[in-house]
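These are the residues of each chain, in order.
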Amino acid sequence: MVSRANTRVVGVWAFLCSSLFTPSSAFAQTITIDAAPSHVANTFSPVRSLGAAIDRLRTGTPDHLLTDPVLKEILGAGWQTVTYRQNTELMVEAWHWNPNGAWSDPEKQQGYFVGSAEPTAEMIRHSWAAPLPHRGFSRGDGNGWSRLTDGDPKSYWKSNPYLTKAFTGEDDSLHPQWVMIDLGSKVPVNAIRIAWAEPYAKHYSVQFWTGEMEPFYEGTMRGTWQTFPLGAVTEGNGGTVTLKLVSWMIPVRYLRIWMTESSNTCDSHGSADKRNCVGYAINELYVGALSADGQFNDYVTHFPSRNQTVTWPSSVDPWHAASDMDESRGDQVGFDFFFTCGVTRGLPTMVPIAMLYSTPEDAANEIAYLYKRRYPISWIEMGEEADGQHMLPEDYGALYLQFATAIHRLVPEAKLGGPPFEGTFDDVEVWPDAAGKVSWLGRFLDYLKAHGRVNDLTFFSFEHYPYQDKPTYSWADLYPEPEYVKHIVQVWKDNGLPSNIPFFMTEGNIGGGAGPSTVKGALWLADYVGSMMTAGAGATYFFHYMPTPGHWGAYPLLLLDEHYKLIGYPPQYMASQVITKEWVQPVDAPHKLFKVSSDVTDAAGTLLVTAYAVERPDGQWSVMLVNRDQYNDHAVKVVFNDGVNGRDRHFTGQVDRITFGSAEYKWHPEGERGHADPDGPPSKSKVNAGVETLYQLPMASITVLRGFIREQ
């Protein structure tokens, strides 16, 4: 799941380079494996490191997808371990992972729900979520809208109480909360009207963004937040206040209310729970022009839908009621069903906790429940895409420590990590702190270090969707992928990621809208997995593992009709099999991965053939080669170079050759859909290998060469 991907794509140069290509198959080119035993780039077990991601499913589909015959076909792709994705946080919802539990206000069935940690004879087969009634987001996944501009004077946004001194132990000024307004375009502004709810801000500033781009992602460092000349309030009294911000007009698109001291008065839910009496709350926001005679001209669109003026908050109070539950929004697959249906293969599984919109007690009970059930758990991911929810790293850090403390109180051995970042291939930056630091990861690590809690982070996770925001893309967009991976991993290291902490890509795919009509997605997948594992990843997880019946969107694993009948195997299914069953052995044993260089380039120097080599536990060497040349075959030599010991080795005897590409998969459009013929399988043959052997790589293909090597 992903709500945004950085779109700094450099596909134009690759397209231009590809247009200059001159066929090079008339002469041999070389793939060189750096096979010195001391030069192992990564050691991994495919069973634990090559996995797939399972997201929230459409209501009514889990009973079909997670049972045979569909489940058997899904498992046939060969991915092993799985990671359970936590989609409710992207929807700004409170997740009821267990329908059995207790409300903080049991009489009214509302407040903060804590799932029961005690297993019962009843299986948790389904789990649902409740849209938060105090939401401040106008955008994001799902169809929710902000209460800040919904036109309802009784509804309100409220910040997360767990980011206040009552829970962090730190002064509220260290965790300022904020709401941002996007007017859609620059308009002359000189005033704001804030209808405060309880608790209100006593100390706050109204600011405007000086940059042309939005204040997130690419625009983060292309502007600053500047307080209006009359925008600083040090003695706020709540109520509805109209502030003249400047004596003239300033053209503004983005405004922010930056809140640093609360009234700590109680909201509409009463004083019985201290969580109702901390943080900040606003009924409605108005922005516009105040005339000399005191007339206020409001530029904000107030509407209870996404047609409202867009707002973004720093956090949201997870308070909700039983009446907010909505089973139509998707099934987060009940844990008992998930762990017993067979999709995990009985392997240790990465599971999430809800953290951005939950409580420490609920998260701790979830993990305790899973351990009491004796389900094999590998890692626990803390929250979901905090950067995509625009949460500042210090706020995420404050929640992380509270939730880690609660979890470890019940399950001391639990291995925690995160954040996970959204699908990105560049640095995640946020507004500068007092020291000018913008690295999200760096500041999060600084927060843990300052509190002596770095050991609570046992792994780092992120997602990867290089073309998520592109509806289409050219063939040449395949070329930058290895460099994208190399770059982003180096970014995390440069930001201070400790070398002893494993990193995982817990959800990813190419993105874009090419669908099953081309093998581009297959080639990308092989290139991506090889690149990420070469970069040292502890594991990588394929997304779109669960097919959607009747929907053949971007890169489904299987094509199913509306009745769950198998229609066909898309290219990424075949690529998955080549990776998981041919390149590596599907066994829980170490595979040693070595770096590979290739001189197969076009006239402009664009690398056309990439390669990834592993020494398998069965003693064979396996080289996966990706010919990204759309129109030309290539013939290559393969050399295993041991520069340390000064020797070259080569494949010898019979070598297995497995190929999947444009010759094995051809799409025939039929109206809105279509079919493939042939639709696999990969072709297989034997090659008698020696020093001078040329290995043929068909155009647009993945080829695995597998055999034994020796000096010749």
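In the block above lies the structure referred to throughout.
Owing to the predicted nature of the structure, the values given are computational and were not obtained by experimental measurement.

Chemist: Tell me about the overall build of the chain, residues and numbers included.
Modeler: From N to C terminus, the chain includes 12 helices and 38 strands. For 712 residues, the compact-globule estimate of 2.2 N^0.38 gives 27 Å, and the C-alpha radius of gyration of the chain, at 27 Å, lies within 12% of that figure. Across its three principal axes, the chain shows a C-alpha extent of roughly 90 × 60 × 55 Å. Every one of the 712 residues in the chain was classed for burial, and the buried ones make up 62%.

Chemist: Explain the packing of aromatic side chains residue by residue, including any values.
Modeler: Here the structure, examined in full by the defined rule, presents 46 aromatic pairs. Between Phe-339 and Tyr-375, the aromatic rings sit 4.5 Å apart at their centres with planes inclined by 5°, giving stacked as the arrangement. Within this pair, whereas Phe-339 is found in helix α6 (residues 335-340), its partner Tyr-375 is found in the loop between α7 (360-372) and β21 (377-382), the two being separated by 36 residues in sequence. Considered together, Phe-339 and Tyr-375 belong to a single accessibility category, that of buried residues. Grouping aromatic residues by their ring pairs yields a cluster made of Tyr-396, Tyr-400, Phe-421, Trp-440, Phe-444, Phe-460, Phe-462, Trp-492 and Phe-503. Cation over ring: Arg-147 sits above Trp-145, and NZ or CZ is 4.9 Å from the ring centre.

Chemist: Any chance you could break down the sheet that holds strand β13 (residues 225-233) for me, citing the residues and the numbers?
Modeler: The strand order β13-β12-β15-β10-β18 describes an open sheet built from five strands, whose pairing is antiparallel. Of all the strands in the sheet, just β13 and β18 (310-313) have a single pairing partner and so form its edges. Each strand axis lies, on average, 25° off the axis of its neighbour in the sheet, ignoring direction. The sheet contact formed by strand β10 (residues 177-189) and strand β15 (residues 250-262) spans nine bridges and is antiparallel. Directly across from Asp-182, in β15, lies its bridge partner Tyr-254.

Chemist: Describe in detail the nonpolar core, supporting the description with residues and values.
Modeler: The biggest cluster of nonpolar side chains holds 197 residues, and the ones touching the most others in it are Met-382, Tyr-400, Tyr-545, Trp-583 and Phe-651. Once you skip the residues sitting within four places of it in the chain, Trp-583 turns out to touch Phe-44, Val-529, Val-578, Leu-593, Tyr-612, Val-614, Arg-616, Ser-622, Val-623, Met-624 and Val-704. Among the nonpolar cores identified, the runner-up in size contains nine residues, and Ala-53, Phe-504, Tyr-541 and Phe-543 belong to it.

Chemist: Would you mind going over the sheet that holds strand β7 (residues 110-115) in detail, with residue names and values included?
Modeler: One open sheet accounts for three strands, arranged β6-β7-β19; its pairing is antiparallel. Sheet topology places β6 (101-105) and β19 (320-321) at the edges, where each strand pairs with a single neighbour. Bridge analysis of β6 against β7 gives four bridges, and the strand direction is antiparallel. By the bridge assignment, Asp-105 is partnered in β7 with Gln-110.

Chemist: Outline the state of the cysteines, supporting the account with residue identities and numerical values.
Modeler: Scanning the model with the defined rule gives one disulfide in all. Across a sulfur-sulfur distance of 2.0 Å, Cys-266 and Cys-277 are joined as a disulfide pair. Since a negative S-S torsion denotes a left-handed disulfide, the Cys-266-Cys-277 link at about 100° is right-handed. Taken together, the residues Cys-266 in the loop between β15 and β16 (281-290) and Cys-277 in the loop between β15 and β16 connect sequence positions 11 residues apart. The class for Cys-277 is buried, based on a relative accessible area of 10%.

Chemist: Run through the pattern of salt bridges, naming residues and quoting values.
Modeler: Overall, the coordinates contain 29 salt bridges when judged by the stated rule. A salt bridge links Lys-158 to Asp-317; the nearest nitrogen and oxygen atoms lie 3.0 Å apart. With a gap of 159 residues between them, Lys-158 in strand β9 (residues 157-158) and Asp-317 in the loop between β18 and β19 connect regions that are remote in the sequence. We classify Lys-158 as buried; its relative accessible area is 0%. Judged by its relative accessible area of 0%, Asp-317 is buried. The residue Arg-275 makes a salt bridge to Asp-273 at a minimum N-O spacing of 2.8 Å. Given the relative accessible area of 14%, Arg-275 is considered buried. When salt bridges with common partners are traced through the structure, they connect Arg-85, Glu-381, Glu-384, Glu-463 and Glu-507 into a single cluster.

Chemist: If you had to explain empty space enclosed by the protein to someone new, which residues and values would you point to?
Modeler: Per the counting criterion, the structure on display carries four cavities of 30 Å³ or more. Size it by volume and the largest cavity reaches roughly 120 Å³. Contributing to the lining of the largest cavity are 13 residues, with Phe-216, Asp-387, His-390, Glu-429 and Val-430 lying nearest its centre. Partitioning the lining of the largest cavity into residue classes produces nine nonpolar, two polar and two charged.

Chemist: How would you sum up the environment of Asp-427? Please name residues and give values.
Modeler: Relative to the assigned elements, Asp-427 resides in the loop between β22 (416-423) and α9 (440-450). Classification of Asp-427 as buried rests on a relative accessible area of 19%. Through-space distance from the C-alpha of Asp-427 to that of His-487 is 9.3 Å; in sequence the pair is 60 residues apart. Once residues within four sequence positions are removed from consideration, Asp-427 is found in contact with Ser-439, Ile-488, Val-491, Trp-492 and Asn-495. Side-chain polar atoms of Asp-427 contact the side chain of Asn-495, separated by 2.9 Å.

Chemist: How would you sum up the packing of α7 against helix α8 (residues 393-410)? Please name residues and give values.
Modeler: Viewed as axis vectors pointing N to C, α7 and α8 meet at an angle of 40°, and their least axial separation amounts to 8 Å. Handedness of the α7/α8 crossing: right-handed. For the pair α7 and α8, contact is made by Pro-360, Ala-363, Ala-364, Asn-365, Ile-367 and Ala-368 and by Gln-402, Phe-403, Ala-406, Ile-407 and Leu-410, respectively. Of the residues contributing to the contact of α7 with α8, the split by class is nine nonpolar, two polar and no charged.

Chemist: Before we move on, could you go through the environment of Ala-354 and cite the residues and values that matter?
Modeler: Assignment of secondary structure puts Ala-354 in the loop between β20 (349-353) and α7. Here Ala-354 falls in the buried class, since its relative accessible area comes to 3%. When the C-alpha positions of Ala-354 and Asn-641 are compared, they lie 48 Å apart, and in sequence the two are 287 residues distant. When sequence neighbours within four positions are dropped, the list of residues in contact with Ala-354 reads Gln-86, Glu-89, Trp-95, Ala-363, Glu-366 and Phe-403.

Chemist: Go over helix α10 (residues 481-494), please, and point to the residues and values.
Modeler: Relative to the 20 Å expected for 14 residues at 1.5 Å per residue, α10 spans 20 Å between its end C-alpha atoms, a close match to the ideal helical length. Within α10, burial applies to Glu-481, Pro-482, Tyr-484, Val-485, Ile-488, Val-489, Val-491 and Trp-492. Where α10 is buried, its residues contact β22, α9, β23 (459-464), β24 (503-508), α11 (520-534) and β30 (609-615). Phi turns positive, to about 105°, at Gly-496, one or two residues after α10.

The rules behind these values
- Residues numbered from 1 in each chain as written.
- Predicted model: local features only at pLDDT ≥ 70, side-chain atom pairs only at ≥ 80, totals over all residues.
- Heavy atoms only, no water.
- Helix = DSSP H or I, 4+ residues; strand = E, 2+ residues; numbered from the N terminus.
- Rg over C-alpha atoms; globule rule 2.2 N^0.38 Å.
- Buried < 20%, exposed > 50% of the residue type's maximum accessible area, 1.4 Å probe, protein only.
- Phe/Tyr/Trp six-rings, centres within 6.5 Å; stacked < 30°, edge-to-face > 60°.
- Lys NZ or Arg CZ within 6 Å of the ring centre and 35° of its normal.
- Pairing = 2+ DSSP bridges.
- Axes fitted to C-alpha atoms, helices over the stretch in contact; angles between N-to-C directions.
- Core = buried A, V, L, I, M, F, W, Y, C linked by side-chain atoms within 4.5 Å.
- Contact = heavy atoms within 4.5 Å.
- Disulfide = S-S within 2.5 Å.
- Salt bridge = Lys/Arg side-chain N within 4 Å of Asp/Glu carboxyl O.
- 1 Å grid on protein atoms, 1.4 Å probe; cavity = no way out; pocket = protein on both sides within 12 Å on 5 of 7 lines; lining within 4 Å.
- Points joined across faces, edges and corners; volume = space filled by probe spheres on them.
- Nonpolar A, V, L, I, M, F, W, Y, C, P; charged D, E, K, R; others polar.
- Polar contact = N/O pair within 3.5 Å; in protein donor to acceptor, adjacent residues only side chain to side chain.
- Left-handed = near helix turned anticlockwise from the far one by under 90°.
- Expected span 1.5 Å × (residues − 1).

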